[in-house]
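# Summary of structural features
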Amino acid sequence: MIRRKTFHLKLASRTLLLGERTLVMGVLNVTPDSFSDGGQFLDPTRAIEHALAMESAGADLLDIGGESTRPGSKEIHASEELDRILPVLEGLRGRLKIPISVDTSRGTVAELALRAGAEVINDVSGLRNDPHIAEVAARSCAPLILMHMRGEPRTMQKGPFARDAMKDVLQGLRRSVTIALKAGVAKSQIILDPGIGFGKSYAQNYELLQKLAQLAKLGFPLLVGTSRKGFLGATLARAGKPALPEERIWGTAATVTASILNGAHIVRVHDVAEMAQVRRAADCVLDPKLAPRN
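Chains are numbered independently. Their residues run from 1 in the order of the written sequence. Confidence filtering applies because this is a predicted model: local features only for residues at pLDDT of at least 70, side-chain atom pairs given and counted only at 80 or more, and all residues used for totals across whole chains, interfaces and linings. Just so you know, side-chain values use all the structure's heavy atoms and leave hydrogens and water out.

### Let's talk about the overall build of the chain
- Runs of E in the DSSP output that reach at least two residues are strands. Runs of H or I that reach at least four are helices, and both are numbered from the N terminus. Looking only at helices and strands, the chain has 10 helices and 10 strands in total.
- Rg of the C-alpha trace for the chain: 18 Å, near the compact-globule value of 19 Å for 294 residues, within the 12% margin.
- Along the first, second and third principal axes, the C-alpha set of the chain runs to 45 × 40 × 40 Å.
- Each residue is placed in one exposure class: buried if its accessible area under a 1.4 Å probe, protein chains only, is under 20% of its type's maximum, exposed if it is over 50%, and partly exposed if it falls in between. When burial is assessed residue by residue, the chain has 55% of its 294 residues classed as buried.
- Any two residues having at least one pair of non-hydrogen atoms within 4.5 Å are treated as being in contact. Intrachain contacts of the chain at a sequence separation of at least 6 include 68% that bridge at least 24 residues.
- Exposure was quantified through the Shrake-Rupley algorithm and a 1.4 Å probe, taking into account, for residues, occlusion by the shown protein chains and nothing else. Roughly 13,500 Å² of accessible area belongs to the chain as shown, and the carbon and sulfur atoms make up 52% of that amount.
- The positive charge centre, built from 39 side chains, and the negative charge centre, built from 31, are 7 Å apart in the chain. Throughout, the radius of gyration refers to the C-alpha atoms, and the reference size of a globule is 2.2 Å times the residue count to the power 0.38. A residue counts as positive if it is Lys or Arg and as negative if it is Asp or Glu; His and the chain ends are not included. Every charge is mapped to an atom, namely NZ of Lys, CZ of Arg, CG of Asp or CD of Glu.

### As for helix α5 (residues 165-182)
- Here α5 contains 18 residues, and its C-alpha end-to-end distance of 26 Å stays within 8% of the 26 Å for a straight helix at 1.5 Å per residue.
- Three or more residues of α5 are buried, namely Ala165, Met166, Asp168, Val169, Leu170, Gly172, Leu173, Ser176, Val177 and Ala180.
- The residue sitting at the N-terminus of α5 and contributing the capping side-chain oxygen is aspartate 164; that oxygen lies 3.3 Å from the backbone nitrogen of methionine 166.
- Of the residues flanking the end of α5, it is glycine 184, one or two places downstream, whose phi is positive at about 105 degrees. Working rule for helices: expected span equals 1.5 Å times residues minus one. As used in this structure description, the phrase polar contact means that two N or O atoms lie within 3.5 Å; if the pair is within protein, one of them must be able to donate a hydrogen and the other to accept it, and residues adjacent in sequence are counted only when both atoms belong to side chains.

### Here's the deal with the side chain of serine 227
- Here serine 227 shows up in the loop between β9 (223-224) and α8 (230-235).
- Classification of serine 227 by relative accessible area gives buried; the value is 2%.
- Of note is the side chain of serine 227, whose polar atom sits 2.7 Å from the side chain of histidine 270.

### What to know about the nonpolar core
- What is meant by a nonpolar core is a set of buried Ala, Val, Leu, Ile, Met, Phe, Trp, Tyr and Cys residues, joined one to another through side-chain atoms within 4.5 Å. Within the largest apolar cluster, 71 residues are counted, with the highest numbers of intra-cluster contacts made by Leu28, Leu62, Ile64, Leu92, Ile121, Leu144 and Leu192.
- Ignoring any residue separated from it by four or fewer positions in sequence, one finds leucine 28 in contact with Phe41, Ala47, His50, Ala51, Met54, Leu62, Asp63, Ile64, Gly65 and Val88.

### Observations concerning the sheet that holds strand β6 (residues 120-123)
- Any two strands are treated as partners once DSSP identifies two or more bridges connecting them. Within the open sheet, the 8 strands sit side by side as β8-β7-β6-β5-β4-β3-β10-β9. Their pairing is parallel. The two strands at the open ends of the sheet, each matched to only one other strand, are β8 (190-193) and β9.
- In terms of strand pairing, strand β5 (residues 100-103) meets β6 through 3 bridges, oriented parallel. Paired with aspartate 103 across the bridge in β6 is asparagine 122.
- Note on definitions: angles span 0 to 180 degrees between N-to-C directions of axes, and those axes are lines fitted to C-alpha atoms, for helices only across the stretch in contact. Against the sheet, helix α2 (residues 78-92) touches β3 (23-29), β4 (61-65) and β5, its axis set at about 150 degrees to β4.

### Structural notes on the pattern of salt bridges
- The rule for a salt bridge is simple: a side-chain nitrogen of Lys or Arg has to be within 4 Å of a carboxyl oxygen of Asp or Glu. Evaluated as defined, the whole model comprises 14 salt bridges.
- In this structure, the salt-bridge partner of arginine 106 is glutamate 81, at a minimum N-O distance of 2.4 Å. Within this pair, whereas arginine 106 is found in the loop between β5 and α3 (107-115), its partner glutamate 81 is found in helix α2, the two being separated by 25 residues in sequence. Like arginine 106, the residue glutamate 81 is buried in the burial classification.
- A salt bridge links glutamate 207 to lysine 211; the nearest nitrogen and oxygen atoms lie 2.9 Å apart.
- Salt bridges here are not isolated pairs; linked through shared partners, they connect Arg21, Asp60 and Arg279.

### Re α3
- Burial in α3 covers these residues: Gly107, Val109, Ala110, Ala113 and Leu114. The arc that holds every buried residue of α3, seen down its axis, measures 160 degrees, which confines them to one face.
- Packing partners of the buried residues in α3 comprise α2, β5, β6 and α4 (132-140).
- Residue glycine 117 follows α3 closely and has a positive phi angle near 125 degrees. Arc, as used here, means the arc of the directions from the helix axis to the C-beta atoms.

### Quick word on unusual backbone geometry
- At leucine 127, a position not held by glycine, the phi torsion is positive, near 75 degrees.
- On the secondary structure map, leucine 127 appears in the loop between β6 and α4.
- Positioned with a positive phi, alanine 239 is a non-glycine residue whose angle comes to about 50 degrees.
- Mapped onto the elements of the fold, alanine 239 is located in the loop between α8 and α9 (249-261).

Here it is, written out as structure tokens:
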């Protein structure tokens, strides 16, 4: 358990304080093929309803993605990605009170999403797919989340995996940060994500959670997403069959707790109501001053 540093993240609409308490980022996949909820929220009306429900359940931020990055997923065209996310962003404008992050690896998509109401860019490729994203973030002064991915979604879980997972993550994220800073992104606007499940073995995912404090030493706020992922399905397998995504909630709760106690400032989750409870209890372990009085 470590003592988290605090950071001030400047958004167009407000400033977020990171570190005093953990923030919960709700996942909204407007895709037909995401590993956990693919197809459920492809319809803009259902997506908008789910976004508002996550806000009511306790989400502090919302992360909208229009392209699946699950293992084995195929790339789509930018126009298709925009066709999925823009109607949702436009439908939420003026209705959703929490900030929106756009989950994309394309600069053109990020730029148009910011114009439509998003305030944060979440690039799972860590600027490897399109370094232009850094220029978009710099011009708009939008916070930029940089995630580590080994390989690419189509083949990332086929290996070979890094011999030293944390060393690989640190090296990759340092490269991403260098690109961002050279493009003019302020250091205070960068968030790092170790990329749990993205080109790592099941054991390496747990190792990264255990060693998260090493990543915190880089001096940036941390976002961690373990929600419902495949390594949890394998861990919770019965009779040789992985647990289904909707059966991984308690495993998710354990890894969300571990993430918080080891330094995560933001946790990215599907089950907002449940993980908001986990967050509140874990935060009290991290800082007993947050506990209720009796």
